[in-house]
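Results of the structural survey
Letter by letter, the chains look like this.
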Amino acid sequence: MNPSRAFRALDAALTASAESREAPHRSFGRRSRRFRRRVLSSDARALPSSLHSSPQAIAVFFQFSRDLPPDAYAHAQFASWDVTPTGTRVARVVSIRIPTVRTKREYLAAVDNTVAGILAGKKAALDAANESIGRLGAAKRLRARVMHLAEVFSPPSAPPPNRPFPGALREFAEAMYHACRGGMLSEMLGHADERAAARGIFLSAGVDVAAPMLSPRLFKRDGAGGAGGFVSVPASDLALCGDAVLFLDAGDCVFGWVGREVASDAARSRDARETLAAFGKRLTRDRFPIPSLKIVTEGSSQARYVVSRLAPGHVDAEHEQNVWFPPIAALAPEARKKLMASFLPTEEPSFALWMRGLGLRIREAGDDDVTLAMGGGEVGVGFNTQIV
């Protein structure tokens, strides 16, 4: 159905509904059924009426029962009508033409990891609020989702415990890892009310806030690059060097971290705090409400706000640390040894250990011609999905 015909059909629907309000109930039912048969496709579905009374978002999933012809498009059309406070009837029709792909590799290259992670995270937040599922059940479902992706996109001859996970979806898997260990589903936030409040903020947040709430973003001050002297690095505790100045973006809250060596020098400490404040103001200027910046120093009691949100990369083997956090390879042996000695023992798994616990491994470059994205480095595939 083209948009002009859809507008006429919607207007006819409004007229039919208005005329039938005074008709007997049985007559209205027959007329509505005749209208649906005449105008709507058999595949059309109505949205829940609860959407009319409360602001919500919906996600629609399509699954085809048969293969489409080569180079075909999938068409979707969304139609809505409402009455304005002045009594004017307004109809809206949105038509979308979605390209299809022929291979799994093309499909992986078209996935927007950020949006996919947010959708899965919001579903988990809703599951956690359901008493029959709870936060532990929601985390279990996220782990099952990651395992299912590996099952779908891995060769049939690759059973666990060493089943490869597609490198193109590594960012999605990392988002699920952070969701399971973050404040919405884990014990990071001490009280159930705090976790419920975090889930409420996450559910109502847009992409700019929801993405770092799900998977924190870490920036390190580097005068050689980055806007304001900050460059993006993986969100790992391996970045917590004594001479580092870090900025952590967690969406609804932001933190600055000043290493012990920088904090011991009054001039360097003052410069670091001013730089963190300026960078935070630029990064969050379009958010509402604008989160307040909390600056902490290494070794202080408030440093836990930063440390608890970073993945414990120090539990990995040395060669794994070089892969998951490339900047650490540049440290001198003595400096690296000093950094490892500064961490407290923990039983929390890193991302690599978490994936290994699921019986999975990230595909390296060359396994499936998809380059593994290394933290803050370049991603080897392009994401072309457009969000309407």
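Right above here is the structure, for reference.
Anyway, here's the lowdown on the structure attached to this text. (Residues numbered from 1 in each chain as written. Predicted model: local features only at pLDDT ≥ 70, side-chain atom pairs only at ≥ 80, totals over all residues. Heavy atoms only, no water.)

Details of the sheet that holds strand 5 (residues 230-233)
Test applied: One requirement defines pairing of two strands: DSSP has to find at least two bridges between them. Runs of E in the DSSP output that reach at least two residues are strands. Runs of H or I that reach at least four are helices, and both are numbered from the N terminus. Simply put, an axis is a line fit to the C-alpha atoms, just over the touching stretch for a helix, and the angle between two N-to-C directions goes from 0 to 180 degrees. Should any heavy atoms of two residues lie within 4.5 Å, those residues are counted as being in contact.
The strand order 5-4-6-7-8 describes an open sheet built from 5 strands, whose pairing is mixed. One side of each edge strand has no neighbouring strand; the edge strands of this open sheet are strand 5 and strand 8 (293-297). Strand-to-strand twist of the sheet, defined as the mean angle between neighbouring strand axes without regard to direction, takes the value 25°. Here 4 bridges tie strand 4 (residues 217-221) to strand 5, and the two strands are oriented antiparallel to one another. Looking across to strand 5, one finds that Leu-218 is bridged to Val-233. Docked against the sheet, helix 10 (residues 266-283) engages strand 4, strand 5, strand 6 (245-249), strand 7 (254-258) and strand 8, running at close to 25° with respect to strand 6.

Observations regarding helix 10
Operational definition: Expected span of a helix: the number of residues minus one, times 1.5 Å. Working definition: with a 1.4 Å probe on protein chains only, accessible area under 20% of the residue-type maximum means buried, over 50% means exposed, and in between means partly exposed. The reported arc concerns the directions from the helix axis to the C-beta atoms and nothing else. Under the rule applied, a polar contact is a pair of N or O atoms within 3.5 Å (in protein, one hydrogen donor and one hydrogen acceptor; residues adjacent in sequence only if both atoms are side-chain atoms).
End to end, helix 10 covers 26 Å across 18 residues, agreeing with the expected 26 Å (1.5 Å per residue, within 8%). Those residues of helix 10 that fall on the buried side of the exposure criterion are Ser-269, Ala-272, Thr-275, Leu-276, Phe-279 and Gly-280. Along the axis of helix 10, the buried positions cluster into a sector of 130°, meaning they face one direction only. For helix 10, the exposed residues lying more than 90 degrees away from the buried face are Ala-266, Arg-270, Glu-274 and Lys-281. As for helix 10, its buried residues are in contact with strand 4, strand 5, strand 6, strand 7, helix 9 (260-263) and strand 8. The N-terminus of helix 10 is capped by Asp-265, whose side-chain oxygen sits 3.0 Å from the backbone nitrogen of Ala-267.

A word on the packing of helix 5 (residues 134-153) against helix 6 (residues 170-181)
The condition is simple: An angle below 35 degrees is treated as roughly parallel, one above 145 as roughly antiparallel, one from 65 to 115 as roughly perpendicular, and anything else as oblique. Crossing chirality is assigned from the near helix's rotation relative to the far helix, an anticlockwise turn below a right angle marking it left-handed and a clockwise turn marking it right-handed. Note on residue classes: Ala, Val, Leu, Ile, Met, Phe, Trp, Tyr, Cys and Pro are nonpolar, Asp, Glu, Lys and Arg are charged, and everything else, Gly too, is polar.
Two elements in contact, helix 5 and helix 6, have axes whose closest approach is 9 Å; the angle formed by their N-to-C orientations is 165°. In terms of orientation, helix 5 lies roughly antiparallel with respect to helix 6. Read as a crossing pair, helix 5 and helix 6 show a hand that is left-handed. On helix 6, the residues that touch Ala-139, Leu-142, Arg-143, Arg-145, Val-146 and Leu-149 of helix 5 are Phe-172, Ala-173, Met-176, Ala-179 and Cys-180. Partitioned by chemical class, the residues of the contact of helix 5 with helix 6 number 9 nonpolar, no polar and 2 charged.

Quick look at the pairing of strand 6
Look at any regular strand and the pattern is simple: side chains alternate between the two faces of the sheet. The element strand 6 is extensively covered by neighbouring structure, given that 5 of its 5 residues are classed as buried. Burial of the side chains of strand 6 extends over both faces: Val-245, Phe-247 and Asp-249 are buried on one face and Leu-246 and Leu-248 on the other. Here strand 4 pairs with strand 6 via 4 bridges, running antiparallel. Bridge pairing in strand 6 links Arg-217 to Asp-249.

Some details on the packing of aromatic side chains
Just so we agree on the cut-off: Any pair of Phe, Tyr and Trp rings, taking the six-membered ring for Trp, is counted once the centres come within 6.5 Å. Such a pair is stacked with planes under 30 degrees apart, edge-to-face with planes over 60 apart, and tilted for the rest. Both a distance and an angle decide whether a charge sits over a ring: NZ of Lys or CZ of Arg must be within 6 Å of the ring centre and within 35 degrees of the ring normal.
Counted by the stated rule, this structure contains 9 aromatic pairs. An aromatic cluster of at least three residues, connected via ring pairs, comprises Tyr-177, Trp-324, Phe-351 and Trp-354. A cation over a ring is seen here: Arg-97 above Tyr-73, with NZ or CZ 4.0 Å from the ring centre. For Arg-304, the ring lying beneath its charged end belongs to Tyr-305, and the centroid distance is 4.7 Å.

Points about the environment of Arg-181
Looking at the element boundaries, Arg-181 is found in helix 6. In this structure Arg-181 comes out as buried when scored by relative accessible area, which is 10%. Once residues within four sequence positions are removed from consideration, Arg-181 is found in contact with Ser-186, Met-188, Ser-308, Arg-309, Leu-310, Ala-311, Pro-312 and Glu-348. At 3.4 Å, the side chain of Arg-181 forms a polar contact with the backbone oxygen of Arg-309.

Focus: the pattern of salt bridges
Test applied: Salt bridges, as used here, are contacts in which a Lys or Arg side-chain nitrogen is within 4 Å of a carboxyl oxygen on Asp or Glu.
Counted by the stated rule, this structure contains 11 salt bridges. The partner of Asp-249 in a salt bridge is Arg-217, with the nearest N and O atoms 2.5 Å apart. Of the two residues, Asp-249 is situated in strand 6 and Arg-217 in strand 4; the sequence distance between them amounts to 32 residues. Owing to a relative accessible area of 35%, Arg-217 belongs among the partly exposed residues under this scheme. With its nearest N and O atoms 3.3 Å apart, the salt bridge here joins Arg-260 to Glu-298. Of this pair, Arg-260 sits in helix 9 while Glu-298 is found in the loop between strand 8 and helix 11 (304-307), placing the two residues 38 residues apart along the sequence. For Glu-298, a relative accessible area of 17% gives the class buried.

A short note on the packing of helix 4 (residues 113-129) against helix 7 (residues 192-204)
As a packed pair, helix 4 and helix 7 sit with axes 10 Å apart at the nearest point and diverge in direction by 140°. In terms of their interaxial angle, helix 4 and helix 7 are classed as oblique. When you trace helix 4 past helix 7, the crossing you get is left-handed. Taking contact as the criterion, the partners of Ile-118, Gly-121, Lys-122, Ala-125, Leu-126, Ala-128 and Ala-129 in helix 4 are, on helix 7, Arg-199, Phe-202 and Leu-203.

Brief notes about the nonpolar core
Our working rule: Only buried Ala, Val, Leu, Ile, Met, Phe, Trp, Tyr and Cys residues count toward a nonpolar core, and they belong to the same one when joined by side-chain atoms within 4.5 Å.
Core analysis: the biggest nonpolar cluster contains 42 residues, and Val-146, Phe-165, Met-176, Leu-185, Phe-351, Trp-354 and Met-355 have the highest contact counts within it. Those elements that provide at least two residues to this core are helix 4, helix 5, helix 6, helix 7, helix 8 (207-214), helix 14 (351-357) and strand 9 (360-362). By size, the runner-up hydrophobic cluster in this structure holds 22 residues, among which are Leu-218, Trp-257, Val-296 and Phe-325.

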